[in-house]
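# A closer look at the structure
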Amino acid sequence: MEIKVTAKNIKLTPAIKQFVQTRVNKIENYFDHIVWAQVLLSVEKKINQRAEIIIHTGGKNTVTATAVEADLYKAIDAAATKAEAQLKKAKEKIKAKRTTKKTAVVEEIATFSDHILLPTNDVKFSVIKQVEVTPMNPEDAAYEMERLGYSFWMFLDEDSKQINLIFKRLDGTYGLIKPIKKK
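To start, this report covers the structure provided alongside it. Just so you know, these numbers come straight off a predicted model, no measurement behind them.

With that settled, consider the nonpolar core. Counting residues in each nonpolar core, the largest one holds 25 residues, and the members touching the most others are Val20, Val24, Ile27, Leu41 and Ile55. For this core, the secondary structure elements donating two or more residues are β1 (2-8), α1 (14-25), β2 (34-44), β3 (48-57), β4 (62-69) and α2 (72-114). Of the residues forming this core, the biggest block, eight residues, is contributed by α2. Among residues more than four places away in sequence, those in contact with Val24 are Met1, Ile3, Ala37, Val39 and Ile53.

Written out as structure tokens, the structure is:
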């Protein structure tokens, strides 16, 4: 992680810079994808020491934490603690979203699997429909299927003169089943 340190109305000593880098590097333990950090140090009215830490993550999260103390080191530490708390919260939100999405997918699969009929030994047909098959190409068959509001359509392929089946897939595309001879 790259750390940029900027000081205003204060001399940036190597000791202060080293403390900032050590303290901000600890923040990486709380969040995986930190791109860079920016630390702004300033003195207000010669009494209050102000530290502001801005953490830029790879995603949409940008965390800003500010602390004002009488001692600069305490201000840096307090700002870093606030940033850690915000990153923990952001990480928990991301985990919650992932588990919610996984739960939704599992529920959707469970709902879908409830509608799958398992074959039984007693096969009963509720409807038997005789359909006249007309020669057409797959594009015309897809149009006819859509026009009638069906999810599949059986047709006689005008080129191969074989019965084919076209069906609508869940992603909105079409599937085509063509028979082949078993060897």
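Put simply, the second largest pocket is a space of about 220 Å³. What lines the second largest pocket is simply Lys129, Gln130, Val131, Tyr150, Ser151, Phe152, Trp153, Met154 and Leu165. Broken down by element, the lining of the second largest pocket gets its largest block of residues, three residues, from strand β6 (residues 152-157). Its residues placed into classes, the lining of the second largest pocket shows six nonpolar, two polar and one charged.

Attention shifts here to the sheet that holds β6. On the basis of which strands lie adjacent, the open sheet formed by four strands has the order β5-β6-β7-β8 and mixed pairing. The strands lining the two open edges of the sheet, one partner per strand, are β5 (135-136) and β8 (174-177). Direction of pairing for β5 relative to β6: parallel, over a ladder of two bridges. The partner of Pro135 across the bridge, within β6, is Leu156. Helix α3 (residues 138-148) contacts β5, β6, β7 (163-168) and β8 of the sheet and is inclined by roughly 150 degrees relative to β6.

By secondary structure assignment, the location of Glu158 is in the loop between β6 and β7. The partly exposed category is assigned to Glu158, whose relative accessible area is 34%. Considered as a pair, Glu158 and Pro135 are 23 residues apart in the sequence and their alpha carbons are 4.8 Å apart. When near neighbours in sequence (up to four residues on either side) are disregarded, Glu158 contacts Pro135, Met136 and Asn137.

Let us now look at α1. In a regular helix each residue adds 1.5 Å, so twelve residues correspond to 16 Å; α1 covers 16 Å between its end C-alpha atoms and thus fits that length. Buried within α1 we find Ile16, Val20, Arg23 and Val24. Across the axial projection of α1, the buried residues extend over an arc of 95 degrees, all falling on one side.

Bringing the pattern of salt bridges into the picture now. Per the stated rule, a full pass over the model turns up six salt bridges. If you follow the salt bridges from partner to partner, you end up with Arg23, Asp77 and Glu84 in one network.

What counts and how
Residues numbered from 1 in each chain as written. Predicted model: local features only at pLDDT ≥ 70, side-chain atom pairs only at ≥ 80, totals over all residues. Heavy atoms only, no water. Core = buried A, V, L, I, M, F, W, Y, C linked by side-chain atoms within 4.5 Å. Buried < 20%, exposed > 50% of the residue type's maximum accessible area, 1.4 Å probe, protein only. Helix = DSSP H or I, 4+ residues; strand = E, 2+ residues; numbered from the N terminus. Contact = heavy atoms within 4.5 Å. 1 Å grid on protein atoms, 1.4 Å probe; cavity = no way out; pocket = protein on both sides within 12 Å on 5 of 7 lines; lining within 4 Å. Points joined across faces, edges and corners; volume = space filled by probe spheres on them. Nonpolar A, V, L, I, M, F, W, Y, C, P; charged D, E, K, R; others polar. Pairing = 2+ DSSP bridges. Axes fitted to C-alpha atoms, helices over the stretch in contact; angles between N-to-C directions. Expected span 1.5 Å × (residues − 1). Arc of directions from axis to C-beta. Salt bridge = Lys/Arg side-chain N within 4 Å of Asp/Glu carboxyl O.

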